[in-house]
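Listed below are the residues making up each chain.
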Amino acid sequence: MSFPPQVKIPATYMRGGTSKGVFFNLTDLPKRCQVAGSARDNMLLRVIGSPDPYGKQTDGMGGATSSTSKTVILSKSDMPEHDVDYLFGQVAIDKAFVDWSGNCGNLSAAVGSFAINSGLVNRSRIPENGVCTVRIWQKNIAKTIIAHVPIVNGEVQETGDFKLDGVTFPAAEVPVEFISPVDPSEAMFPTGNVKDVLQVPASGGYDSIELEVTMISAGIPTIFINAEDIGYQGTELQDAINNDEMALDRFEVIRAHGALKMGLISDISQAAERQHTPKIAFVSSAKKYTTSSGKYIQADEIDLNVRALSMGKLHHAMMGTAAVAIGAAAAIPGTIVALAASKNEKQEAIESVTFGHPSGVLKVGAKASKIDGHWIVDKAMMSRSARILMEGWVRIPGDSF
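Numbering of residues starts from 1 in each chain and follows the order in which that chain's sequence is written. At least 70 in pLDDT is required for a residue's local features to be given in this predicted model, at least 80 for side-chain atom pairs to be given and counted, and no such filter applies to totals for whole chains, interfaces and linings, which use all residues. By convention in this description, side-chain values take in all heavy atoms of the structure and omit both hydrogens and water.

Draft legend 1. The arrangement of the overall build of the protein chain in detail. In terms of regular secondary structure, the protein chain is built from six helices and 21 strands. The globule rule puts the C-alpha radius of gyration for 401 residues at 21 Å, and the 21 Å found for the protein chain is close to it. When the backbone C-alpha atoms are referred to their principal axes, the protein chain occupies close to 60 × 55 × 45 Å. Buried positions account for 55% of the 401 residues belonging to the protein chain. Whether two residues are in contact is decided by their heavy atoms: any pair within 4.5 Å suffices. In the protein chain, the proportion of contacts linking residues at least 24 apart, taken out of those at least 6 apart, comes to 64%. Of the roughly 17,000 Å² of accessible surface on the protein chain, 50% is carried by carbon and sulfur atoms. The way it works is that DSSP assigns letters per residue, a run of H or I at least four long becomes a helix, a run of E at least two long becomes a strand, and they are numbered from the N terminus. Radius of gyration means the value over C-alpha atoms here, while the globule rule gives 2.2 Å times the residue count to the 0.38 power. Here's how the labels work: a residue is buried when its accessible area is under 20% of the maximum for its type, exposed when over 50%, partly exposed in between, all with a 1.4 Å probe on protein chains only. Methods summary: accessible areas were calculated by the Shrake-Rupley approach with a probe of 1.4 Å, and residue burial reflects only the protein chains presented.

Rendered as C-alpha cells:
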C-alpha cells in the first residue's frame, strides 16, 4: 500500500510576547490553502498537530497550550497606509477546529519583525538604524496595529535587555499600539451598560447565580467578573484553576451565557464553535502574591490583580488582546476593572494601569474620552518582545489537506 509523500511549506516559528506560533507568507502556501476554507484549516491543524485526543500535540508544532497553538498568515497589504495584512488562526488542541474570530495581541509584536524579514515592508521605510514603524492591518477584526521594531545596521534587532514577565530571557523591546480598538460606530459595551447582571444557570454541582459583570469589546470581547463573587482571591496560579475540571466547566457556562448576552452568538450551543472569543477574566483589588516563577509581588507594585482564561484554561500570563480590554475597561469609570483598581473615584479617564497576572506584572495604557455621552478609546499601548526561534520548512503529509 502506497502513501503520498510529505510536502514542505516555508514557515517561521516565532515567539511574540508570551505566545508562540507558526508564521507563513501567504504566497508560500499551497494554492488551495491561500483562501479561506477546509483546505487551509486542515493544513494548519496538521502543522500544529491537532486534533490530539492526548492533548499533547506531539505530532506537530503546537505546544499543547492555548499560548502555543497558534498560526499566522501574512501578506503585503492592499489597504492604504498599511504595510502588511495579518490573519490569525487559533488552533484548538483536542478538536478539529481553527478559530478565526479574534486577534492574538502577543503575536502582534512578532508580525512587524516577520514582515520586515520577509520583504513585506518597502525597503524605503526601513531605516539603517533606528525604529521601523510597521503598519499592520489585522484582518480578523479589521483594525490597525502599529509595531515599532528596532533596527540595527538595516536588520531587525531581536536581542536586548527588555524583560517581560512570563518570558524567561530578555530581548529587544517592541512597543505595540492598538489603534481605535473600538470603532466609534460600534458599541464598546454591547449591552449599553458598563456593568450588567448575568444570570448563570445551575451546572456541574454549582447552583444558579447572578453575577455582576462588565462585558466589553475592546481588543477582544471580554467578560470581567469579581474574583470573590466566584470564590477566588484573584491571586490564583494555573494549577488552582486548571486542575479543577468542575471549575473549568463552570467558567465555560459563564462564558457561553456572556457570549449570548453580548450578541456574539444567537444560541448557547454556538459557544463551543467560538472558543477564542469572548475571553473571561476575574479581577480583585491589589493583593500580594507569589508568581509561578517564585517572584514575590507586593500589593503596592500593582493597581489590581487579573486572571484570564483562554481556550478553556487559565492563561500562564496575560493575552495581549485581553490586556487591551483591561486597559480600556480601567479607563472607564464604573467598570468592574476600574472599581477593582480604585482609580476612578473622581470619574476621570486614566491612561495606564499596572496589573498582576500569574507570571508577574504588566503595564498597559489606554486613551479614552467621552463624546456625546459615549466612551471612546482612541488607542491602547503596551510593550512586548519577539524573536525568531526557527525558520525553514514545516512538513505535513500530502493527503492531510
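Draft legend 2. Molecular detail of the nonpolar core. The definition of a nonpolar core used throughout is a set of buried Ala, Val, Leu, Ile, Met, Phe, Trp, Tyr and Cys residues joined through side-chain atoms within 4.5 Å. Ranked by size, the top nonpolar core spans 72 residues in total, and within it Tyr 86 and Phe 224 carry the most contacts. Ranked by residue count, the leading element in this core is helix H5 (residues 320-330), at eight residues. Counting 21 residues, the second-largest nonpolar core is a separate cluster that includes Phe 24, Leu 29, Met 43 and Val 394.

Draft legend 3. Examining the pairing of strand S20 (residues 374-384) more closely. Whether two strands pair comes down to DSSP finding at least two bridges between them. Sheet topology places strand S9 (residues 174-179) next to S20; six bridges connect them, and they run antiparallel. Directly across from Glu 177, in S20, lies its bridge partner Met 381. With seven bridges joining them, strand S19 (residues 360-371) and S20 adopt antiparallel strand pairing. Bridge pairing links Ala 368 to Val 377 in S20. Between S19 and the antiparallel strand that follows it, S20, lie two residues; Asp 372 among them carries a positive phi value of about 50 degrees.

Draft legend 4. Fine view of H5. Taken across its 11 residues, H5 has 11 buried, putting it largely inside the fold. Looking only at H5, the buried set comprises Gly 320, Thr 321, Ala 322, Ala 323, Val 324, Ala 325, Ile 326, Gly 327, Ala 328, Ala 329 and Ala 330.

Draft legend 5. Region of the structure containing the pattern of salt bridges. Salt bridge, as used here: a side-chain nitrogen of Lys or Arg that lies within 4 Å of a carboxyl oxygen of Asp or Glu. Applying the stated criterion across every chain, the model contains nine salt bridges. Ionic pairing is found between Glu 81 and Arg 135, a salt bridge with its closest N-O pair at 3.4 Å. Remark: Arg 135 occurs in strand S6 (residues 130-138) and Glu 81 occurs in the loop between strand S3 (70-76) and strand S4 (84-91); sequence separation between them is 54 residues.

Draft legend 6. Representation of the side chain of Asp 52 in the model. Of note, Asp 52 is situated in the loop between helix H1 (38-48) and S3. Lys 56 is the oppositely charged side chain nearest to the buried, salt-bridge-free Asp 52, at an N-O distance of 8.5 Å. Side-chain polar atoms of Asp 52 contact the backbone nitrogen of Tyr 54, separated by 2.8 Å. Residues in contact with Asp 52, not counting those within four places in the same chain, are Gln 57, Thr 58, Ile 93 and Asp 94. Here the positive residues are Lys and Arg and the negative ones are Asp and Glu; neither His nor the chain ends is included. Nitrogen and oxygen atoms within 3.5 Å of one another constitute a polar contact, given that in protein one can donate a hydrogen and the other can accept it, and given that sequence-neighbouring residues count only through two side-chain atoms.

Draft legend 7. The arrangement of the pairing of S9 in detail. The sheet contact formed by strand S7 (residues 143-152) and S9 spans four bridges and is antiparallel. In the strand pairing of S9, Ile 146 is matched with Glu 177.

Draft legend 8. Geometry of helix H2 (residues 105-117). A residue's bend is the angle separating two fitted axes: one through the seven residues that end there, the other through the seven that start there. Considering bend angle alone, the principal kink of H2 is centred on Val 111 and spans about 25 degrees. Burial within H2 is extensive, with 12 of its 13 residues counted as buried. Looking only at H2, the buried set comprises Gly 105, Asn 106, Leu 107, Ser 108, Ala 109, Ala 110, Val 111, Gly 112, Ser 113, Phe 114, Ala 115 and Ile 116. Just beyond H2, the residue with positive phi is Gly 119, at close to 75 degrees.

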